[in-house]
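Listed here are the chains, written in short residue letters.
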Amino acid sequence: MSFLDNIKNALTGLGKDSVDSYVGIDIGSTYIKVVQIKKDAGRLILETYGEVALGPYDNERFPGELTNLPPEKMSEAIKNLLEQANVTSKNAVISISSATSLIFILKLPKISERELSGVVQNEARKYIPIPLTEISLDWWVIPEKEIYSDEEDLSISKKSNNLDVLVAAVRNEVVDRYNNISSLLGKFSSPVYEIETFSAIRASFKHELAPVMLVDFGASGTRISIIEHGVVRKFHSINRGSAYLTSSLQKSLQIEFEEAEKMKRDVGLDNDHTNDKARDILTAGTTYIFSEIKNVLFDFEKEYKKPVNKIILTGGGSLLKKFRNEIESKYDITTVYADPFSKIMSPDFLEEVLRDAGPEFVVAIGLALQGLE
């Protein structure tokens, strides 16, 4: 099965045998996270979860520092985590970083399915800054959504002369890297791949129909999506994540990374904290992210003539103190943390721990859930 077949199967649910246990492996730039879920009598049950910092595998960097491990070191870290977490499933869905992917929507006139492939590839060239021969490209026609009348409470099919096509592109060198890692692992016969944005949506959303923004504030970057009726309507990626904030503290205050990371978690955006200098640095570091969120909100509302009514936060960076409060107050939109563990059964005594850890394990849970769909 080709790499693109794997991605497409991950999004459509096609081509997989029915199995009762899957592990989601979220390969990040600072941590790897795994979640194993089994299906028993129609119930989804948490079997195990865990994480490992990649810093110590990269010339003994501190946990939380950005890394770029070769496949051999990455597979070693994954193997160690699978063993420590007692992962037993032979079926895996592995994340592809959104930072190494490109997701965009093409608006095309209605044409025949036979013509669509060529048109998509020609139009995609406008968005992709490298030759198409250097990427793996796939696309899906977005179904026409239904509009619900407030007055009549009836569904009316929206008539349109256009097609919206969701396009996903991954560089071939990234494809080769993931295939190499999977081969070195030697544990999973036919691992499936999925771009992490789609995993995060699956794990974060329940029955939302109105437009919702998903802000994934990770270590290396921030991904902003707007989803309506389960469909991605807007996607924007920022090369600025929580590791940037730590680095800003480290350089400005001339302290070690470990101390800066601890300070970031302690101070955050808390206006009442006594460390004014650290707070000002962190506030300056998040200003750009807030500005980009505002731009995406504005663009969506201008194009679709409707507001976003909720924001869901994921990623470890979103746990920055007062980050949620700042977003909610700036945009006057209900803002919540993702609670992906609520989708699966787990021991009662872990409820609070799992709720707090939820934003960081969104992708791993979404990956495992995809395997069991």
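Heads up: these notes are all about the structure in this document. (Residues numbered from 1 in each chain as written. Predicted model: local features only at pLDDT ≥ 70, side-chain atom pairs only at ≥ 80, totals over all residues. Heavy atoms only, no water.)

### With respect to the nonpolar core
Counting 67 residues, the largest nonpolar core has I25, I32, V34, I37, M74, I78 and I365 as the members making the most contacts within it. With 11 residues, helix α10 (residues 351-372) is the single largest residue contributor to this core. When near neighbours in sequence (up to four residues on either side) are disregarded, M74 contacts I27, I32, L54, L69, R177 and I181. In this structure, F290, L313, F323 and I333 belong to the second largest nonpolar core, which totals 31 residues. (Core = buried A, V, L, I, M, F, W, Y, C linked by side-chain atoms within 4.5 Å. Buried < 20%, exposed > 50% of the residue type's maximum accessible area, 1.4 Å probe, protein only. Helix = DSSP H or I, 4+ residues; strand = E, 2+ residues; numbered from the N terminus. Contact = heavy atoms within 4.5 Å.)

### A few points about the packing of helix α8 (residues 276-304) against helix α9 (residues 323-331)
Helix packing geometry: the angle between the two helix axes and the distance between the axes. Between α8 and α9, the shortest axis-to-axis distance is 11 Å and the interhelical angle comes to 40°. The angle between α8 and α9 falls in the class oblique. You can see that α8 and α9 cross each other, and the crossing is right-handed. Note on element contacts: α9 touches α8 through F323, E326, I327, K330 and Y331, opposite F290, S291, I293, K294 and L297. The residue inventory of the contact of α8 with α9, partitioned by class, reads six nonpolar, one polar and three charged. (Axes fitted to C-alpha atoms, helices over the stretch in contact; angles between N-to-C directions. Parallel < 35°, antiparallel > 145°, perpendicular 65-115°, else oblique. Left-handed = near helix turned anticlockwise from the far one by under 90°. Nonpolar A, V, L, I, M, F, W, Y, C, P; charged D, E, K, R; others polar.)

### Overview of the sheet that holds strand β10 (residues 192-195)
Reading across from one edge, β3-β2-β1-β4-β10 is the order of the five strands in this open sheet, with mixed pairing throughout. Here the strands that pair on one side only, and so sit at the sheet edges, are β3 (43-53) and β10. Across the sheet, the axes of successive neighbouring strands diverge by a mean angle of 20°, strand direction being ignored. Where strand β1 (residues 21-27) and strand β2 (residues 31-40) come together, seven bridges link them in antiparallel fashion. Residue pairing in the sheet places G24 in a bridge with V35 of β2. This element, helix α2 (residues 71-84), spans β1, β2 and β3 of the sheet and lies at about 45° to β2. (Pairing = 2+ DSSP bridges.)

### Quick word on unusual backbone geometry
For A41, which is not a glycine, the phi torsion comes out positive at approximately 55°. Residue placement: A41 occurs in the loop between β2 and β3. Using a relative accessible area of 75% as the deciding quantity, one classes A41 as exposed. One non-glycine residue, K305, lies in the positive phi region at around 60°.

### Quick word on the pairing of strand β13 (residues 231-238)
Remark: a regular strand shows side chains that alternate across the two faces of the sheet. Both strand β12 (residues 222-228) and β13 contribute to a ladder of seven bridges, which runs antiparallel. Across the sheet, residue R223 finds its bridge partner in β13, namely S237. Here β12 hands over to β13 after two residues, with H229 in that stretch at a positive phi of 55°.

### Quick word on the packing of aromatic side chains
Centre distance and the angle of the planes are the two values used to describe a pair of aromatic rings. For the structure on display, the rule yields eight aromatic pairs. Ring geometry for F290 versus F323: centroids 5.5 Å apart, planes at 25°, classification stacked. With F290 in helix α8 and F323 in helix α9, the pair connects residues that are 33 residues apart, well separated along the chain. Each member of the pair, F290 together with F323, is buried. By way of ring pairs, the aromatic residues Y49, F341 and F361 are connected into one cluster. Its end group placed over the ring of Y244, R240 keeps NZ or CZ at 4.3 Å from the ring centre. (Phe/Tyr/Trp six-rings, centres within 6.5 Å; stacked < 30°, edge-to-face > 60°. Lys NZ or Arg CZ within 6 Å of the ring centre and 35° of its normal.)

Interpretation in functional terms is not warranted from these geometric data alone.
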